[in-house]
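Here's the letter readout for the chains.
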Amino acid sequence: MSDEVVCEREFNTVIDGQTTPFHVRWMKPAPDRTAWRCDYTIAWPRRPMRRRSAIGVDSTQALLLAMKSVAGELYDAEPQVFWWEPDDILGLPVHDGDEDLETARTRGRG
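Residues numbered from 1 in each chain as written. Predicted model: local features only at pLDDT ≥ 70, side-chain atom pairs only at ≥ 80, totals over all residues. Heavy atoms only, no water.

### Here we look at the pairing of strand E1 (residues 5-15)
Phase 1: Bridge count between E1 and strand E2 (residues 18-27): ten bridges; the pairing is antiparallel. Bridge assignment links Cys7 to a residue of E2, and that residue is Trp26.
Phase 2: Between E1 and the antiparallel strand that follows it, E2, lie two residues; Asp16 among them carries a positive phi value of about 50°.
Phase 3: Here E1 runs beside strand E6 (residues 81-82); their pairing, made up of two bridges, is antiparallel. Bridge pairing in E6 places Asn12 opposite Phe82. (Pairing = 2+ DSSP bridges. Helix = DSSP H or I, 4+ residues; strand = E, 2+ residues; numbered from the N terminus.)

### Quick word on the state of the cysteines
Phase 1: Summed over the entire model, instances satisfying the criterion amount to zero disulfides.
Phase 2: You can see Cys7 has no disulfide; the closest cysteine sulfur is in Cys38, sitting 7.4 Å from it. (Disulfide = S-S within 2.5 Å.)

### Re the environment of Lys68
Phase 1: Considering the arrangement of structural elements, one finds Lys68 in helix H1 (residues 59-75).
Phase 2: The class for Lys68 is buried, based on a relative accessible area of 18%. (Buried < 20%, exposed > 50% of the residue type's maximum accessible area, 1.4 Å probe, protein only.)

### Some details on the environment of Asp16
Phase 1: Mapped onto the secondary structure, Asp16 falls in the loop between E1 and E2.
Phase 2: Here Arg46 takes part through its side chain, which lies 2.7 Å from a polar atom of the side chain of Asp16. (Polar contact = N/O pair within 3.5 Å; in protein donor to acceptor, adjacent residues only side chain to side chain.)

### A closer look at the side chain of Thr13
Phase 1: Along the polypeptide, Thr13 turns up in strand E1.
Phase 2: Looking at Thr13, its side chain comes within polar contact range of the main-chain oxygen of Pro79, at 3.4 Å.
Phase 3: For Thr13, the residues in contact, after removing those within four places along its chain, are Gln18, Thr19, Thr20, Phe22, Pro45, Pro79, Gln80 and Phe82. (Contact = heavy atoms within 4.5 Å.)

### Details of unusual backbone geometry
Phase 1: Across the junction of Glu78 and Pro79, the peptide omega takes the value 0°, indicating a cis bond.
Phase 2: Here Pro79 lies in the loop between H1 and E6.
Phase 3: The phi angle at Asp16 is positive, at roughly 50°, despite the residue not being glycine.
Phase 4: Of the residues examined, Asp16 reaches a relative accessible area of 62% and is grouped as exposed.
Phase 5: In this model, Arg46 sits at a positive phi of 65°, which is unusual for a non-glycine residue.
Phase 6: Summarising the element assignment, Arg46 is placed in the loop between strand E4 (35-42) and strand E5 (50-56).

See below:
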């Protein structure tokens, strides 16, 4: 398990009428038995920090799958999560089938 942050992004949500930022961090992928693991954290406001991981056949796939997993969680979150302004895209790759979540949240403005 690596705690070295390879990239991070600040997202926003609205709590009590105020835009509230929070961070997502992706850790450096590391070998995990016969595969690669990429841990990530979501520092939700007013919720416990969530630490999860994605497994891939190499470091690139592990990081990509971790980014897609975060996108799925953020597009499904309530209250709505946004990058710059409400209803915008999150600027992350999405899992096959999650394109509908992105389109619904952005009203098709991808």
